[in-house]
Amino acid sequence: MKCTMTLCMTLLVFAFGATAAWAQGAGPTDPQIAAIVVTANQVDIDAGKLAKSKAHSPQVKEFAQRMITDHGGVNKSATELVQKLHVTPQPNPTSESLQKGGDENIAKLKTLSGAAFDKAYIDHEVAYHEAVINALDKTLIPSAQNAELKALLVKVRPAFVAHLDMAKQIQAELGKSGA
Amino acid sequence: MPRLPRLTLRGGLLSLAALLLSSSDLAGAADAKPAAQGAVHTVVIENLQFNPAELQVHRGDRIVWVNKDLFPHTATATSHVFDSGSIAANSSWTYVASKAGEYAYGCTFHPTMKAILKVQ
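Bear in mind that the values here come from a model prediction, so they are computed numbers and not experimental data.

A.B. asks: Please set out the pairing of strand β6 (residues 92–96) of chain B residue by residue, giving values where relevant.
C.D. replies: Residue and element names in this part refer to chain B. Residue alternation in β6 divides its side chains into a buried set, Trp93 and Tyr95, and an unburied set, Ser92, Thr94 and Val96. Where strand β4 (residues 62–67) lies against β6, five bridges are found, and the strand directions are antiparallel. Each bridged residue has a counterpart across the sheet, and for Val66 the counterpart in β6 is Ser92.

Okay, here's the thing in structure tokens:
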């Protein structure tokens with residue numbers, strides 16, 4: 001029974017992204033969404049900074065720089081918007097879990113080097129971007145109340161999709177080279 | 001009888017005036033030609049797409065790529081006939097199409113972004 005519950009929760013998380021974190025089907029509030037967006041971008045910037053200095057393949061280094069630049073641009077706009085709307089980002093279970101996941105990823109990556117580092121970084125980037133797209137579609141975009149916040153979420157979605165494609169492409173190439 | 005030469009003269013003057021007019025028209029058209037070549041086309045870069053994805057222009061036209069995304073992009077011909085380098089968010093880059101041909105181009109930062117410029 002316990003196992004079944006765990007499996008159910010895992011499936012729920014996959015099916016609804018962060019929805020499982022919200023009690024009784026109520027979605028996150030705008031201040032909570034703001035914290036999720038800023039954290040989601042920041043953890044990918046932090047991983048990118050580590051990968052830019054530690055990655056082995058030039059292609060992975062280039063991808064890491066792209067994550068720093070693109071997610072930095074998104075966070076700049078997100079920060080400007082929350083200031084304009086006088087919204088104070090409110091930490092919540094999803095933003096905390098994203099932060100924890102990001103910290104664990106960096107701790108793991110720090111123990112690796114060379115091709116093993118590249119593979120672990122890119123594998124995590126694929127999973128991370130899939131999870132964020134899922135959360136955007138299932139939770140964040142439908143829950144956002146403020147029209148400008150919703151518009152920003154819609155605007156950043158194609159970037160996450162492009163990053164996922166790029167990460168998958170690199171993942172396939174690293175696989176081919178036997179890394 | 002004396003009226004005929006006057007008419008002829010008048011006709012001649014009219015013809016001359018017409019000739020002058022048409023030649024000045026021609027001169028005007030010649031002067032206007034470089035300005036007419038400078039037609040301006042805009043390609044908007046937004047949501048990691050070039051819009052329009054296919055653009056047809058004439059030699060001498062200007063193409064302005066406007067980046068409306070939140071991060072930089074490039075407009076880089078596969079053949080490297082043109083390369084914008086990094087176009088920052090909310091910035092633009094202008095290229096004067098000098099050589100005829102069909103140029104596939106994309107963003108070097110985001111390989112999923114592809115478009116084509118046709119220069120006649």
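Back to the text.
A.B. asks: Go over the interface of chain B and chain A, please, and point to the residues and values.
C.D. replies: The figure often quoted for interface size is the accessible area lost as the parts come together. Counting residues at the interface gives ten residues for chain B and twelve residues for chain A. Classifying every residue of the side of chain B that touches chain A gives seven nonpolar, three polar and no charged.

A.B. asks: I'd love a proper account of unusual backbone geometry, names of residues and values included.
C.D. replies: Residues and elements named next belong to chain B. Omega for the bond connecting Asn51 with Pro52 falls within 30 degrees of zero, at 5 degrees, which places this linkage in the cis form. Within the secondary structure, Pro52 sits in the loop between β2 (49–51) and β3 (54–57). Despite not being glycine, Leu48 shows a phi value in the positive range, around 55 degrees. Within the element layout of this structure, Leu48 appears in the loop between β1 (40–46) and β2. You will see that Asn90, though not glycine, has its phi angle at about 60 degrees, which is positive. Summarising the element assignment, Asn90 is placed in the loop between β5 (76–77) and β6.

A.B. asks: I'd like a rundown of the packing of helix α3 (residues 58–84) of chain A against helix α6 (residues 147–176) of chain A, residues and numbers included.
C.D. replies: Residue and element names in this part refer to chain A. Remark: α3 packs on α6, axes separated minimally by 11 Å, with the N-to-C direction vectors making an angle of 175 degrees. Of the possible angle classes, the one that applies to α3 and α6 is roughly antiparallel. Here Gln59, Val60, Phe63, Met67, Asp70, Val74, Ser77, Ala78 and Leu81 of α3 lie close against α6, whose contacting residues are Glu148, Leu149, Leu152, Val156, Ala159, His163, Met166, Ala167 and Ile170. Within the contact of α3 with α6, the residues separate by chemical class into 13 nonpolar, three polar and two charged.

A.B. asks: Just give me the short version of the sheet that holds β2(B), but keep the residues and values in it.
C.D. replies: Residues and elements named next belong to chain B. Taken together, the four strands give an open sheet; going across it, the order is β2-β1-β4-β6, and neighbouring strands pair in mixed fashion. Sheet topology places β2 and β6 at the edges, where each strand pairs with a single neighbour. Strand after strand, the sheet turns through a mean of 20 degrees between neighbouring axes, direction not considered. In this structure, β1 lies alongside β4, joined through six bridges in parallel fashion. Across the sheet, residue Val40 finds its bridge partner in β4, namely Arg62.

A.B. asks: Describe the nonpolar core, with residues and values.
C.D. replies: Side chains that are nonpolar tend, in soluble globular proteins, to be buried together. All names here are of chain A. By size, the foremost hydrophobic cluster in this structure holds 59 residues, and its most contacted members are Val60 and Tyr121. The leading source of residues in this core is α6, at eleven residues. Here Val60 is in contact with Ala51, Ala55, Asp118, Tyr121, Ile122 and Ile170, once residues within four sequence places are set aside.

Definitions and cut-offs
Residues numbered from 1 in each chain as written. Chains lettered and ligands numbered in written order. Predicted model: local features only at pLDDT ≥ 70, side-chain atom pairs only at ≥ 80, totals over all residues. Buried ≥ 20, exposed ≤ 12 C-beta atoms within 10 Å, placed from the backbone. Helix = DSSP H or I, 4+ residues; strand = E, 2+ residues; numbered from the N terminus. Pairing = 2+ DSSP bridges. Contact = placed C-beta atoms within 7 Å. Nonpolar A, V, L, I, M, F, W, Y, C, P; charged D, E, K, R; others polar. Axes fitted to C-alpha atoms, helices over the stretch in contact; angles between N-to-C directions. Parallel < 35°, antiparallel > 145°, perpendicular 65-115°, else oblique. Core = buried A, V, L, I, M, F, W, Y, C linked by C-beta atoms within 7 Å.

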